[in-house]
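# A look at the structure
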Amino acid sequence: MSRANAPGSPAPGTSPIGTPPTSTSPIGTPPTSTSPIGTPPTSTSPTGTPEPAHRTAPVELSVVIPAFNEERRLGPTLDAVTRYLDATGSHWRTWEILVADDGSTDATRELVTVRRDPRVKLVAGSGNRGKGHALRRGVAAGRGRQVLVMDADLATPVEELERLEKALADGNAAAIGSRAVPGATLGDRQHRIRELAGRAGNRLIRGTTLRGTRDTQCGFKLFDGDKARAAFAASRLNGWAIDVEVLHHFQRVGWPVAEVPVHWSHQPGSKVRPADYLRVLRDLVRLRLPVPRPVDVVAVLLFLAMAVALCSGRLLDPAHRYLTDSLQDQNQWEWFFAVTADNIAHLRNPLFTGLQGAPDGVNLMANTTMLGLSVPLTPVTLLFGPAVTLSLVMTLGLAATAVAWYRLIVKRLVRQRAAAFAGAALATFAPPMISHANAHPNFVVLFMIPPIIDRALRLTAGERVTRNAVVLGLMAAYQFFLGEEPLLLAAMGMLLFAAAYAAVRPDVARNAVRPLLNGLAVAAAVCLPLVVYPLAWQFSGPQSYTGIDHGTAPGVANSVRALLSFAERSLIAGDAHRADALSLNPTEQNAFYGWPLVLLAFAIAVGLRRRPVVKALAGTATAAAVLSLGSRIPLPLTDTTVPGPWAALAGLPLFDSVIESRVALVCAPPLGMLLALAVDRLAQARRLGTQYAGLLAVCLALLPLVPAPLKSEPRAEVPAFFTDGTWKTYVRGDESLVPVPLAEPGDAEALHWQTAAGLGFRMPGGYFNGPYGDGDRTGVYGVPLRFTASLLRDVRYTGVVPVIDARARAETREDLAYWRAGALVLAPQPHEDRLRETVEKLVGRPGKWVAGVWVWDLHRGS
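Reading guide: rules and limits
- Residues numbered from 1 in each chain as written.
- Predicted model: local features only at pLDDT ≥ 70, side-chain atom pairs only at ≥ 80, totals over all residues.
- Heavy atoms only, no water.
- Helix = DSSP H or I, 4+ residues; strand = E, 2+ residues; numbered from the N terminus.
- Buried < 20%, exposed > 50% of the residue type's maximum accessible area, 1.4 Å probe, protein only.
- Areas by Shrake-Rupley, 256 points an atom, 1.4 Å probe, with all protein chains shown as cover.
- Pairing = 2+ DSSP bridges.
- Phe/Tyr/Trp six-rings, centres within 6.5 Å; stacked < 30°, edge-to-face > 60°.
- Lys NZ or Arg CZ within 6 Å of the ring centre and 35° of its normal.
- Salt bridge = Lys/Arg side-chain N within 4 Å of Asp/Glu carboxyl O.
- Axes fitted to C-alpha atoms, helices over the stretch in contact; angles between N-to-C directions.
- Parallel < 35°, antiparallel > 145°, perpendicular 65-115°, else oblique.
- Left-handed = near helix turned anticlockwise from the far one by under 90°.
- Contact = heavy atoms within 4.5 Å.
- Nonpolar A, V, L, I, M, F, W, Y, C, P; charged D, E, K, R; others polar.
- Patch = residues over 30% accessible without salt bridge, like charges linked within 9 Å, V, L, I, M, F, W, Y side chains within 5 Å.
- pLDDT = per-residue confidence, 0-100.
- 1 Å grid on protein atoms, 1.4 Å probe; cavity = no way out; pocket = protein on both sides within 12 Å on 5 of 7 lines; lining within 4 Å.
- Points joined across faces, edges and corners; volume = space filled by probe spheres on them.
- Core = buried A, V, L, I, M, F, W, Y, C linked by side-chain atoms within 4.5 Å.

This part takes up the overall build of the protein chain. Regarding its fold elements, the protein chain presents 31 helices and 22 strands. Relative to its 862 residues, the protein chain shows a buried fraction of 55%. As displayed, the protein chain has an accessible area near 35,800 Å², and 60% of this comes from carbon and sulfur atoms.

Put into structure tokens, the structure is as follows:
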């Protein structure tokens, strides 16, 4: 194959676009570093590649020459190489030349087979599959302690081998010929267009894949033999970009590569065609994108199946099924997706709406609307409805989160895929995550958290600090629009891990401080401009609030019993009565890891205590569990409480709105990683008895945590009054429609009616977070109840009609005027008769049965 390139231009023998330098790969794992979580070595299994022959009889040098229809140029090249290696004074005592044929249709093969020198061999291939495929076969067949890969055109004289050999003797794993470093000389040059194309290709490769190497195209490279065979065996590209991929492999595993100046002269007969440049671009994209192993594909499919099984209760018919344990949160979240899509479709501010809480409205940024998903999924919401959007977000988001944890664990902790799968499954489907899967997608759709952790670890290693810091800033900004509280909890978890790791490895911590702080400063500079306006709107905009006091009700903070007990949705050990007694509600069962898992984690921490990462992970989980116990921790078997660590945080901004028990969510990823490390160690155990006993302990600890599918039930039908547009007769201009009773956190079905009506009307009350009002910006759920709202709420829950006097009717008239009410609407519900009687007394006239609801038209003359 020909070498027809000038400096910086595409070289036909290697690649029409250059070859990358030595830098951290976007695929796979970075080189050895001081990262707190290590990196498992890259496998070099030669899958699909012929095994090297005659390994018992190695030679000092293997010369591999890829060839396709080279009958005119190959003969002189073989003669020149043979003379050089056999020359008097040559120190190459044993050598071989391997011509890796790529399905030639001319006399190329015969040129090799007719030679009487047994050291010149043909490695034949079937069909023209590309230079990469030919080289992979040729290098695999070589026996040399060193391997020289050169082109058939002899554009670089074989005498330049001495320079490359010296570079290998200096400790490098590879030495590549270069025409762009000082000392290189050029003979005949190629066409100017080829030179320009080559330079552009080299720039692209240096900017996207490899940095530092100035000429990646010269087809004259000397490798350490074993490392060459490993790198080529691990390659997957068949085309010209094989050079890029192999050098990329050297850089990923930390094998040094030297760029050596050589003489180069253009030779006619290049096999590179214009279309090859596009093929190399395609291969560069493939190189940047990791190709999953079959086992990884299976893991992804299993995670998806687990998410589907969990959400199966409403997945097939989300518009007509309701998650029983979501309380009113499913109505709220569907409304969030619907109102965001409506704002985007009508080019309105997505941070605010007047549809609930009329006439004041709702600060959507001060609520969890997941703009990072609700905005891009607007077309789905408009076409299929918010119930479908929410169902897809929960199911696919869970699966994506599991895949993200799986990738992080494989990349940073263990090589065994089964171990990584177990750890990722626990991190994603732990009992508290299942609880939140009923109602809170922001706490289970966490696919950005693992890559954020990975980027932060890269900063600690001082690895391309600016680039990784910019990416970290963008990731953090996107997670901000997925969920601020999960981002805060993740930051707490990373801080706890950093402190624990620094305690066990202070030397690593000292080296990591400067690049980490520099990187975080850059990340903040990138992130803050993207979130500063939404933050200002959230904390200072209309209907903003300062913080929400969740009180001291059972479940606001965890108890030790909650951490050791089993969750309600445990398939085997679930205990709804105990779980309800130890938590706020079924959507806030934030602990419930179970005593078997706690014992297993303790055993893992003790058994693998020599590993610093194990100590740090165990310390992180323990600290998070203690913080989740709240500001006051009761002492067992006594009525005494002592201050807890959370007391130092409870009054701080942001932390004052966090439900303390949610801090236990931080325990799930460290526990998953400890599990992965344990399973990985068991897989390496020499005794089958040890493996079986260990895996049995793991199964016994995890079995009680296997969740049952989320409970669902048929959804109540929306009255035709809302679905057929009858409501339009009763609402004019900016008037509101007042449901009886008003929507509130305890019953937010009216949000579903409003969504079914296409968000065409406004209504007072609602289920959202807002200020208390009247100058008090303390946060509350819903809105402060005015006289009429409070009175109707009491009737809903008691069924008792209060005494209605003139003062009550006057208060109601004032409330209806404040709400700008066009009509009152009462749908069928418990205590319907008592509610209707109460409204008739307040309004002074009976209602009218219209399209499935009672309506009181408040317009004059009605």
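Here the narrative resumes.
Let us look at the sheet that holds strand β18 (residues 769-773). The sheet built from 3 strands is open, its strands ordered β13-β19-β18 with mixed pairing. Lying at the two open borders of the sheet, with one neighbouring strand each, are β13 (547-548) and β18. Pairing analysis gives 2 bridges linking β13 to strand β19 (residues 776-781), with the strands arranged parallel. Across the sheet, the residue bridging to Ile 548 is Gly 779, located in β19.

This paragraph deals with the packing of aromatic side chains. Inspection of every chain in the model, using the stated rule, returns 19 aromatic pairs. Taking 5.7 Å as the distance between ring centres and 40° as the angle between the ring planes, the aromatic pair formed by Phe 721 and Tyr 730 counts as tilted. With relative accessibility at 0%, the residue Phe 721 sits in the buried group. Residue class for Tyr 730 comes out buried when judged on its relative accessible area of 9%. One aromatic cluster is present, formed by Phe 721, Phe 722, Trp 727, Tyr 730, Trp 753 and Phe 761 through successive ring pairs. In this arrangement the basic side chain of Arg 786 is found over the ring face of Tyr 818, its NZ or CZ atom lying 4.1 Å from the centre. Positioned above the aromatic ring of Trp 854, the side-chain terminus of Arg 836 is 4.2 Å from the ring centre.

Going through the model one piece at a time under the given rule, you end up with 33 salt bridges. Put simply, Arg 505 and Asp 507 hold a salt bridge, and the shortest N to O gap is 3.1 Å. With a relative accessible area of 27%, Arg 505 lands in the partly exposed category. For Asp 507, a relative accessible area of 34% translates into the label partly exposed. Linked by salt bridges that have partners in common, Lys 411, Arg 412, Asp 454 and Arg 458 make up one network.

Two elements in contact, helix α23 (residues 595-607) and helix α25 (residues 668-683), have axes whose closest approach is 10 Å; the angle formed by their N-to-C orientations is 60°. Put simply, α23 runs oblique to α25. Seen along the crossing, α23 lies across α25 with a hand that is left-handed. Contacts between α23 and α25 involve Leu 597, Leu 600, Ala 601 and Ile 604 on the former and, on the latter, Leu 671, Leu 674, Leu 675 and Ala 678. Residue composition of the contact of α23 with α25, grouped by class: 8 nonpolar, no polar and no charged.

Before going further, it helps to spend a moment on helix α3 (residues 131-141). Of all 11 residues in α3, 9 are buried, a share of seventy percent or more. Turning to α3, the residues buried within the fold contact β1 (59-67), β2 (95-101), β3 (120-123), β4 (144-150), α6 (225-234) and α7 (242-252).

Regular strands place side chains that alternate from one sheet face to the opposite one. Most of strand β22 (residues 853-857) is tucked away: 5 of the 5 residues are buried. Burial along β22 is two-sided: the residues Val 853, Val 855 and Asp 857 and Trp 854 and Trp 856 are all buried. Sheet analysis places strand β20 (residues 821-826) next to β22, joined by 4 bridges and oriented antiparallel. From the neighbouring strand, Leu 826 faces β22, where its bridge partner is Trp 854. In terms of strand pairing, strand β21 (residues 848-850) meets β22 through 3 bridges, oriented antiparallel. Bridge pairing links Lys 848 to Val 855 in β22. Once β21 ends, the chain turns through 2 residues before running back antiparallel as β22, passing Ala 851 with a positive phi of about 50°.

Looking now at a nonpolar patch on the surface. Among the surface-exposed residues, Val 560, Leu 564, Trp 595, Val 598 and Leu 599 lie close enough to one another that they form a single nonpolar patch of about 460 Å² accessible area. For the nonpolar patch, the secondary-structure elements that each account for two or more residues are α21 (560-564) and α23. Per-element accounting of the nonpolar patch gives the leading share, 3 residues, to α23. For Leu 564, the position within the fold is in helix α21.

Time to look at the confidence of the model for the protein chain. Where the model shows low pLDDT, its predicted coordinates should not be examined in detail. Chain-level statistics for the protein chain give a pLDDT mean of 88 and a share of 87% at 70 or above. Throughout residues 1-35 the model reports pLDDT below 50, and contacts reaching past four residues in sequence, or to other chains, amount to 202 contacts. Scored below 50 in pLDDT, residues 39-55 shows 42 contacts in the model against residues more than four places distant or in partner chains.

With mixed pairing, the 4 strands of this open sheet are ordered in space as β17-β20-β22-β21. Of all the strands in the sheet, the pair left with one neighbour each is β17 (736-739) and β21. Adjacent strand axes in the sheet meet at a mean angle of 35° when their direction is disregarded.

The next subject is empty space enclosed by the protein. As enumerated under the stated definition, the model contains 9 cavities of 30 Å³ or more in all. Here the largest cavity is characterised by a volume of approximately 100 Å³. The wall of the largest cavity is formed by 14 residues, among which Pro 431, Ile 434, Ala 567, Arg 569 and Ser 570 lie closest to the centre. Tallied by class, the residues present in the lining of the largest cavity amount to 7 nonpolar, 4 polar and 3 charged.

The biggest cluster of nonpolar side chains holds 136 residues, and the ones touching the most others in it are Phe 721, Phe 722 and Leu 737. The greatest single-element share of this core, amounting to 11 residues, is contributed by helix α14 (residues 386-412). Apart from residues no more than four positions distant in its own chain, Phe 722 is found in contact with Trp 727, Leu 737, Trp 753, Ala 756, Ala 757, Phe 761, Val 825 and Val 853. Within the second largest apolar cluster, 32 residues are counted, among which are Tyr 84, Val 120, Ala 152 and Leu 168.

Viewed as axis vectors pointing N to C, helix α9 (residues 294-310) and α14 meet at an angle of 145°, and their least axial separation amounts to 8 Å. Crossing geometry of α9 relative to α14 is assigned as right-handed. Between α9 and α14, the contacting residues are Val 295, Asp 296, Ala 299, Val 300, Phe 303, Leu 304, Ala 307, Val 308 and Leu 310 on the first element and Thr 395, Leu 396, Leu 398, Ala 399, Ala 402, Val 403 and Tyr 406 on the second. Of the residues belonging to the contact of α9 with α14, the class tally is 14 nonpolar, 1 polar and 1 charged.

Another point: unusual backbone geometry. The peptide bond linking Ala 358 to Pro 359 adopts the cis configuration, its omega dihedral lying at 5°. The topology assignment puts Pro 359 in the loop between β11 (352-353) and β12 (362-363). Residue Pro 741 is reached from Val 740 by a cis peptide bond, and omega for that bond is -10°. On the secondary structure map, Pro 741 appears in the loop between β17 and α28 (749-756). At Leu 327, a position not held by glycine, the phi torsion is positive, near 55°. With respect to the helices and strands, Leu 327 occurs in the loop between β10 (321-323) and α11 (329-345). Residue Leu 327 is classed as partly exposed on the basis of its relative accessible area of 39%. For Phe 592, which is not glycine, the phi torsion reads 60° and is therefore positive. Locating Phe 592 in the fold gives a position in the loop between α22 (576-581) and α23. With relative accessibility at 0%, the residue Phe 592 sits in the buried group.

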